[in-house]
Amino acid sequence: MIERLSYFIGNSTNPYFNLSVEEYLLETVQPRQIILYLWQNERTVVIGKNQNAWKECRFQELQEDGGYLARRLSGGGAVFHDLGNLNFTFLVSTEDYDLDRQMSVILKAVQSLGIHAEKTGRNDITVDGKKFSGNAFCQKGENSYHHGTLMLRVNTEQVARYLNVSEKKLRSKGVRSVSSRVCNLCDFYPSLTTELMREKLLEAFAQVYGFTPLPISQSEIDCKRVTSLYNQYSSWDWKFGRKIAFTWEADERFSWGEVQLQLQVNEGIIQDAIVYSDALDADFIASVSSHLIGCRMDPQTISEQFSKIETTDLQQQILSDIASLTHQGS
């Protein structure tokens, strides 16, 4: 039975730090305590634990625009975060985990603004059939969390830019996101601010559980442990090196000829590669695949590998064009 309410307001917009704090709070929440963690990420695509990064987003464009690709502990689909989005996490012992009660905090907070919000499906909260909050779940040891998004005034053009992956022949064993209609809460409450939404959430938190929530101070957070978790969340292996095997294909016509590239990838590493082309330099084309095997499925790594090959100017152009096909990896 819950006897103590706590809350922590994140002051960072770095997703790796925020996810590290989230896992730290999951590890340290006490029996009969529930923590509400409120946090924001800047220009970030967060994918589920078992999703294929290449399938889910245009992460190269995202990174070039100064954004982040992050992978969380929980399942579910890919989501876009910016500063128009407020994230929430309920952290509690599994024994006291109560999804309906936790969801009621969100519903009550939004409804207090005069917005007719309702829970639909497995884990969405909607207004007039449009989704403004997706939720996901995780259990670790004896504790669990339920977290989700609140779209206050998210830049929906960027959602489309980073999440709507161009159509390629990629067959993956990972989980794929399901697109749905979305909306911002500011569509229904134009003066809505992040500060007001936080205030309404804390009020609803107190009302639902019947206690006054007390803040967790920064000094109570173990910086050493959070740093260790940060190193994990920000690592290439965590973001891309998951054991998700997939086949990837792309084809394109260039000035020197047509090319089709087929890659077998596992744990983010190219295991096998085939290059088909009608280019005149048949022997050179046949040699390209051997330089791809063992590379990370990463355009920069592939370009660096190709730069080690002694080539003519035309061959260098061929390699550059082939590397460009992997630019999105999806």
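Provided above is the structure to which this section pertains.
Here the structure is a predicted model, which means the values were calculated and not measured.

**Details of the overall build of the protein**
Right, on to step 1. The number of helices and strands found in the protein is 11 helices and 15 strands.
Right, on to step 2. In terms of its C-alpha atoms, the protein occupies a principal-axis envelope of roughly 75 × 40 × 30 Å.
Right, on to step 3. Counting across all 330 residues of the protein, residues that qualify as buried make up 52%.
Right, on to step 4. In the protein, once contacts between residues fewer than 6 apart in sequence are set aside, the share between residues at least 24 apart is 73%.
Right, on to step 5. Accessible surface, the protein as shown: approximately 15,300 Å² in total, 46% of it carbon and sulfur.
Right, on to step 6. Of the charged side chains in the protein, 33 are positive and 41 negative; the average position of the first set lies 5 Å away from that of the second.

**Here we look at the pattern of salt bridges**
Right, on to step 1. Applying the stated criterion across every chain, the model contains 8 salt bridges.
Right, on to step 2. Between Arg225 and Glu27 there is a salt bridge, with the nearest N and O atoms lying 2.5 Å from each other. One end of the pair, Arg225, is in helix α7 (residues 223-233); the other, Glu27, is in helix α1 (residues 15-28), and 198 residues separate them in sequence.
Right, on to step 3. For Arg225, a relative accessible area of 28% gives the class partly exposed.
Right, on to step 4. Via salt bridges that share partners, Glu23, Glu27, Lys140 and Arg225 belong to a single interconnected network.

**Some thoughts on helix α11 (residues 313-325)**
Right, on to step 1. Compared with an ideal rise of 1.5 Å per residue, which puts 13 residues at 18 Å, α11 spans 19 Å between its outermost C-alpha atoms and is within 8% of the ideal.
Right, on to step 2. Of the residues making up α11, those classed as buried are Gln315, Ile318, Leu319, Asp321, Ile322, Ala323 and Leu325.
Right, on to step 3. On the buried face of α11, the contacting elements are β13 (246-254), β14 (257-266), β15 (269-277), α9 (282-292) and α10 (299-307).

**Describing the sheet that holds strand β5 (residues 79-81)**
Right, on to step 1. Strand order in this open sheet of 3 strands is β4-β3-β5, and the pairing throughout is mixed. Either end of the sheet is taken by a strand with one partner, and the two such strands are β4 (68-71) and β5. The average angle at which neighbouring strand axes cross in this sheet is 25 degrees, direction not considered.
Right, on to step 2. In terms of strand pairing, strand β3 (residues 44-47) meets β4 through 4 bridges, oriented parallel. Bridging from a neighbouring strand, Ile47 pairs with Arg71 of β4.
Right, on to step 3. Helix-sheet contacts for α1 involve β3 and β4, and the interaxial angle to β4 is about 20 degrees.

**Observations concerning the sheet that holds strand β6 (residues 85-93)**
Right, on to step 1. Across the sheet, which stays open at both edges, the 8 strands sit in the order β7-β8-β9-β10-β6-β2-β1-β12 with mixed pairing between neighbours. Both edges of this open sheet fall to β7 (118-120) and β12 (214-215), since each of them pairs with a single strand only.
Right, on to step 2. The strands touched by helix α4 (residues 99-111) are β2 (33-39), β6, β7, β8 (124-127), β9 (130-140) and β10 (143-151); relative to β6, the strand with the most contacts, the crossing angle is about 150 degrees.

What counts as what
- Residues numbered from 1 in each chain as written.
- Predicted model: local features only at pLDDT ≥ 70, side-chain atom pairs only at ≥ 80, totals over all residues.
- Heavy atoms only, no water.
- Helix = DSSP H or I, 4+ residues; strand = E, 2+ residues; numbered from the N terminus.
- Buried < 20%, exposed > 50% of the residue type's maximum accessible area, 1.4 Å probe, protein only.
- Contact = heavy atoms within 4.5 Å.
- Areas by Shrake-Rupley, 256 points an atom, 1.4 Å probe, with all protein chains shown as cover.
- Lys, Arg positive; Asp, Glu negative; His and termini not counted.
- Charge placed at Lys NZ, Arg CZ, Asp CG, Glu CD.
- Salt bridge = Lys/Arg side-chain N within 4 Å of Asp/Glu carboxyl O.
- Expected span 1.5 Å × (residues − 1).
- Pairing = 2+ DSSP bridges.
- Axes fitted to C-alpha atoms, helices over the stretch in contact; angles between N-to-C directions.

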